Amino acid sequence: MFEEQQVSLEHEAERLQQLVQQLAQCRSIADKIAVMQEQPSFQQFKPAMDWTGLWEAVESLPLEQQYVLMALPVIGQRHVLMMPPADGKWQGPLALLASRLCRVEAFYDSMGGLPGYQLKLGLRCEVTGEGLPAAMLPYCGRPMMAGLIRDLQAKEYLYWQLTGTQVTTPVAIMTSDAKGNHDRINGLMDSQGWFGRAPDSFRLFRQPMVPVIDAADGRWLLTASCKVMMKPGGHGAIWKLMHDQGVFDWLQQQGRLASLIRQVSNPMAGCDTTLLALAGSGFSARRAFGFMSCERVVGAAEGMNVLQERKVWVEDASLPEGGSWQFDYAITNVEYTEFERLGITDQPMHEGSSHSAFPANTNILYVGLAAARAAVEAAVAAGGGEVMPGLIFNLKKKVKFFDPFIQEEREVRAGRMECTMQNLADSLTSRSAAALAGPGAGPGAEQALMKRLSTFMVYNMRRKVTSSAKKKRDPRSSHIHQTPEGAFYDLQRNAWQVLQRCGMRHVPPVGDVAEYLTQGPGFIFLFHPALGPLWDVISQKIRGGALLDGSELVLEVAEARLLDVTVDGSLLIHAGNVMGHLEQQNAADASSSSSSSRLQYSAANGRVHLMNVTVQNVGVDWHHPGNCYWQHRVNRHEACRVVLHGRSEFEAYDCKISGDQVFEVPDGFRMVVTAAGSAGGLSVQLLPLQGDKPTWQWAYSMEPSGALQLQFVRNAALDLWSSPVLAAARSRQQNEEEVLDFVI
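Reading guide: rules and limits
- Residues numbered from 1 in each chain as written.
- Predicted model: local features only at pLDDT ≥ 70, side-chain atom pairs only at ≥ 80, totals over all residues.
- Heavy atoms only, no water.
- Helix = DSSP H or I, 4+ residues; strand = E, 2+ residues; numbered from the N terminus.
- Buried < 20%, exposed > 50% of the residue type's maximum accessible area, 1.4 Å probe, protein only.
- Contact = heavy atoms within 4.5 Å.
- Areas by Shrake-Rupley, 256 points an atom, 1.4 Å probe, with all protein chains shown as cover.
- Axes fitted to C-alpha atoms, helices over the stretch in contact; angles between N-to-C directions.
- Parallel < 35°, antiparallel > 145°, perpendicular 65-115°, else oblique.
- Nonpolar A, V, L, I, M, F, W, Y, C, P; charged D, E, K, R; others polar.
- Salt bridge = Lys/Arg side-chain N within 4 Å of Asp/Glu carboxyl O.
- Pairing = 2+ DSSP bridges.
- Core = buried A, V, L, I, M, F, W, Y, C linked by side-chain atoms within 4.5 Å.
- Phe/Tyr/Trp six-rings, centres within 6.5 Å; stacked < 30°, edge-to-face > 60°.
- Lys NZ or Arg CZ within 6 Å of the ring centre and 35° of its normal.
- pLDDT = per-residue confidence, 0-100.
- Disulfide = S-S within 2.5 Å.
- Arc of directions from axis to C-beta.

### Comments concerning the overall build of the protein chain
Link 1 in the chain: Helix and strand content of the protein chain: 19 helices and 35 strands.
Link 2 in the chain: Counting all 744 residues of the protein chain, 53% fall into the buried class.
Link 3 in the chain: Partitioning the contacts of the protein chain with sequence separation of at least 6, the portion at a separation of at least 24 is 69%.
Link 4 in the chain: Counting every atom, the protein chain has about 33,400 Å² of accessible surface; 51% of that belongs to carbon and sulfur.

Structure follows, in structure tokens:
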């Protein structure tokens, strides 16, 4: 056998740097293999393992796989090859290991592949936060990925209402192999018929899994023979993946000039006007990169948005000095782990405030595709780590694993190389001849610079921007930040504000966190995003009424009009067709049976119209131990349920609906419910819909200011029921406060 030699970090970095430079000169994979075989560490290791049959198995593999395996002893990871399989058969385990390492080699090719990756590990040792995959989390009764697609389709539906034109937005999704994430998302899409969209309107691309490294000695953690522990390499991988896997090309072919980026673990990103304001601010000024930001608590373990100044020497032969100092500026992100190194003090906005003077980075981004692509291509051409912005070595957590060498479980401080997508902004700077603050700045310098910056920031209240669900709450703790419970709590706080805008005379408080965790929220209000998605639209569809304490209102519809509706209990309205109807594709056009239907935005959907109605029942069993509010898994004593199939309508006027009730409206019919007599009975009429038009609809228009106005329009020829309440409701005016949502 052989003895491992202890070398200094500086010596190892120098050796790896020379190796990377040698490999960069190679013209073929065979040349690279030759370089590896010449390295002393390889020559020392090879004969020591000859007796095991390792090299015979290695040399039977394709050259690309041979290369990455031969690299292991050279980059200090010889232990990965030191444990023969129990059955002595190397071929299968080696081939699997090599295929994974080939992906790492290809992704990090601009910095030197595996040797360059190991070199970067030796040079960087900072700490950052870690996100958890949450695409399949059953938030509000559906996977979070499904909620993201609903948010998108709601905005497309709004555009259709305004213009009559249906658009299909291309969706690129970066996945990983962690916990089967890629396969699960692909399976979800297929099981949902790709949400009524063409499968080729989606592009799924996987980020590479990278080795987890023991912080003490830099070794990759091994869990079995030829099995390295691997984790996703961080969301900053997105830019090079888009370059390598043709996603930039794909978006360009779709005619797209800009993109919005959001994380699936943050369901609040699609709230109200948040994404529309970010997109509008960026696209109208043709900016290169933008951040959606919000308030941040002092000391919070999250990044902050800052204006970065970088002093650069610009050569100019016409100047006596041969050049001049100039200044590059960009709005960018600084991770909380970098504050001390950069000399940033996380100070409050003012004395006594808990909020930081610096706004929070939320990982909701606007990206000008041409600028981003140019920056990535320049970084790839330059080599090094610039193509993976914010590159750091994450050593935040202790990792438990089974060590096959000592045959027992160990816990070590370990991490992996990660990069952050938001720091692409560092390379999208705007240059100024004078410093922003200094003798040459002059009056108005700050305003002038902000107007021509290629980067920007939009600011909104936090609960309308971010409340992620990526951590499991400790049941013994009342801390709900970044947990599903916390995300649902903020969702209901937003719901309270929406209902206030609707002019409801009573909406119960959500309650403080302690009350929420022990008793549940003060109410539940959930709605399909296509009901708005803008809160100003919802407040024109719901007017007046009340939601009493402990009540539940669920509106899984886009087309609704509720005037003076009081809910005392549970009212659950579900439409099968929310935004239109499904059209079957020709067999030749359909890629699979599960994706052969396409959602067509249309008036062939479910509608509900309630005026001067009280719904009263026992409602939710708030004491049931099986309730899980963030999943919207609640037990009820009673409820009033309205089920709308296909193209159907439900109307109720001037009545009280009591007890456990189900109103099911078949496709092509209209159900009208009114009071019957003085004893509190109900009259229910089921009428066939005439023609292909609804009996009523909302007419959308946009004012010059950008405000949306809705007008309720009845089709007189189809109006088979009228009510004296209608005239009174039309004359009803409710004053609403204007709320300033954004500072740009």
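Having seen the model, we can carry on.
### Describing the packing of helix H5 (residues 63-74) against helix H6 (residues 91-107)
Link 1 in the chain: As a packed pair, H5 and H6 sit with axes 9 Å apart at the nearest point and diverge in direction by 90 degrees. By the criterion of interaxial angle, the relationship of H5 to H6 is roughly perpendicular. Where H5 approaches H6, its residues Glu64, Gln65, Tyr67, Val68, Leu69 and Leu72 are matched on the opposing element by Leu94, Ala95, Leu97, Ala98, Ser99, Leu101, Cys102 and Glu105.
Link 2 in the chain: Residue composition of the contact of H5 with H6, by class: ten nonpolar, two polar and two charged.

### Focus: the environment of Leu251
Link 1 in the chain: Secondary-structure assignment places Leu251 in helix H11 (residues 247-253).
Link 2 in the chain: Spatially, the C-alpha atom of Leu251 lies 9.9 Å from that of Ser201, the residues being 50 residues apart in sequence.
Link 3 in the chain: When residues no more than four places from it in sequence are discounted, the contact partners of Leu251 are Pro170, Met242, Arg256, Ser259 and Leu369.

### What about the pattern of salt bridges?
Link 1 in the chain: Tallied over the full model, the rule gives 26 salt bridges.
Link 2 in the chain: As a salt-bridge pair, Glu556 and Arg142 come within 3.7 Å of each other at their nearest N and O atoms. In this pair, Glu556 sits in strand E23 (residues 552-556) while Arg142 sits in strand E2 (residues 142-143), placing the two residues 414 residues apart along the sequence.
Link 3 in the chain: Measuring nitrogen to oxygen at the nearest pair gives 3.1 Å for the salt bridge that ties Arg670 to Glu651. Of this pair, Arg670 sits in strand E32 (residues 669-676) while Glu651 sits in strand E30 (residues 648-658), and the two are 19 residues apart along the sequence.
Link 4 in the chain: Three or more residues are tied together by salt bridges with common partners; here these are Arg103, Asp177 and Arg206.

### Some details on the sheet that holds strand E31 (residues 661-665)
Link 1 in the chain: Spatial ordering of the open sheet is given by E20-E23-E25-E29-E31, a layout of five strands whose pairing is parallel. Only two strands of the sheet have a single partner each, and these edge strands are strand E20 (524-527) and E31. On average, each strand axis in the sheet is tilted by 5 degrees relative to the strand beside it, whichever way the strands run.
Link 2 in the chain: Alignment of strand E25 (residues 570-575) against strand E29 (residues 640-644), held across five bridges, turns out to be parallel. From the neighbouring strand, Leu571 faces E29, where its bridge partner is Cys640.

### Describing the pairing of strand E13 (residues 323-334)
Link 1 in the chain: Along E13, ten of the twelve residues are buried, which leaves the element largely enclosed by surrounding structure.
Link 2 in the chain: Judged from the twelve bridges that link them, strand E12 (residues 304-315) and E13 form a sheet pairing that is antiparallel. Residue Asn305 lies in a different strand from E13, and its bridge partner there is Asn333.
Link 3 in the chain: Pairing of E13 with strand E18 (residues 430-432), which is carried by three bridges, proceeds in the antiparallel orientation.

### Side note on the nonpolar core
Link 1 in the chain: Residues Leu54, Leu69, Leu94, Leu97, Trp220, Trp239 and Phe289 are the most contacted members of the largest nonpolar core, which totals 81 residues.
Link 2 in the chain: Considering every element that reaches this core, the biggest residue donor is H5, with seven residues.
Link 3 in the chain: Beyond its immediate stretch of four places on either side in the chain, Leu94 contacts Leu54, Ala57, Val58, Leu61, Leu69, Leu81 and Cys226.
Link 4 in the chain: By size, the runner-up hydrophobic cluster in this structure holds 70 residues, among which are Ala487, Leu531, Val615 and Val642.

### Some points on the packing of aromatic side chains
Link 1 in the chain: One pass over the full model with this rule turns up 18 aromatic pairs.
Link 2 in the chain: Grouped by ring-pair contacts, the aromatic residues Phe42, Phe45 and Trp55 constitute a single cluster.
Link 3 in the chain: When the ring centre of Phe283 is taken as reference, the NZ or CZ atom of Arg286 above it lies at 3.9 Å.
Link 4 in the chain: Here the guanidinium or amino end of Lys311 rests over the ring plane of Trp325, the centre of that ring lying 5.0 Å away.

### Remarks on the packing of helix H3 (residues 40-48) against H5
Link 1 in the chain: Two elements in contact, H3 and H5, have axes separated by 8 Å at closest approach and are oriented at 100 degrees. The pairing of H3 with H5 is recorded here as roughly perpendicular in orientation. Contacts between H3 and H5 involve Ser41, Phe42 and Phe45 from the former and Met70, Pro73 and Val74 from the latter.
Link 2 in the chain: The class makeup of the residues in the contact of H3 with H5 is five nonpolar, one polar and no charged.

### Looking at the side chain of Glu302
Link 1 in the chain: Note that Glu302 resides in the loop between strand E11 (289-294) and E12.
Link 2 in the chain: Owing to a relative accessible area of 12%, Glu302 belongs among the buried residues under this scheme.
Link 3 in the chain: With residues up to four places along the chain from it excluded, the contact list for Glu302 reads Arg296, Tyr336, Phe339, Ala360 and Arg462.

### A few points about unusual backbone geometry
Link 1 in the chain: Cis geometry marks the peptide bond from Gly532 to Pro533; its omega dihedral reads 0 degrees.
Link 2 in the chain: Structurally, Pro533 is set in the loop between E20 and helix H18 (535-541).
Link 3 in the chain: Phi is positive for Cys226, close to 60 degrees, though the residue is something other than glycine.
Link 4 in the chain: Mapped onto the elements, Cys226 comes out in the loop between strand E7 (222-224) and strand E8 (227-228).
Link 5 in the chain: On the basis of relative accessibility, which here comes to 5%, the residue Cys226 falls in the buried class.
Link 6 in the chain: With phi around 50 degrees, His632 is a residue other than glycine that occupies positive phi space.
Link 7 in the chain: Checked against the element boundaries, His632 lands in the loop between strand E28 (606-616) and E29.

### A closer look at the environment of Tyr366
Link 1 in the chain: Inspection of the secondary structure puts Tyr366 in strand E14 (residues 360-368).
Link 2 in the chain: Along the backbone, Tyr366 and Gly290 are 76 residues apart, and their C-alpha atoms lie at a distance of 4.7 Å.
Link 3 in the chain: Sequence-distant contacts of Tyr366, defined by excluding residues within four places in its chain, comprise Ala258, Ser259, Leu260, Leu278, Ala279, Gly282, Phe283, Arg287, Ala288, Phe289, Gly290 and Phe456.

### Quick look at the confidence of the model for the protein chain
Atomic detail in the predicted coordinates should be set aside for any region of low pLDDT.
Link 1 in the chain: Per-residue confidence for the protein chain gives a mean pLDDT of 88, with 89% of residues at or over 70.
Link 2 in the chain: Across residues 590-594 the pLDDT falls below 50, and counting only partners more than four positions away or on other chains, this stretch makes six contacts in the model.
Link 3 in the chain: Confidence drops under pLDDT 50 across residues 720-744; counting only partners more than four residues distant or on other chains, this segment forms 49 contacts.

### Observations concerning the environment of Gln308
Link 1 in the chain: Following the sequence through the fold, Gln308 ends up in strand E12.
Link 2 in the chain: Taking C-alpha positions, Gln308 is 9.4 Å from Val334, a pair spaced 26 residues apart along the chain.
Link 3 in the chain: Other than its neighbours up to four places away in sequence, Gln308 contacts Asp328, Tyr329, Ala330, Thr332 and Asp426.

### Concerning the state of the cysteines
Link 1 in the chain: For the structure shown, the criterion picks out zero disulfides.
Link 2 in the chain: This cysteine, Cys640, is not joined by any disulfide, and Cys655 carries the nearest cysteine sulfur, 9.2 Å off.
Link 3 in the chain: Owing to a relative accessible area of 2%, Cys640 belongs among the buried residues under this scheme.

### Section: helix H9 (residues 181-191)
Link 1 in the chain: Of all the positions in H9, only Asn181, His182, Ile185, Leu188 and Met189 are classed as buried. One side of H9 carries all its buried residues, which in axial view fall inside an arc of 130 degrees. Exposed residues lying more than 90 degrees from the buried face of H9 are Asp183, Arg184 and Ser191.
Link 2 in the chain: The elements touched by buried residues of H9 are E2, helix H8 (144-163), strand E3 (171-175) and strand E4 (202-206).
Link 3 in the chain: Positive phi appears at Gly193, one or two residues downstream of H9, with a value of about 60 degrees.

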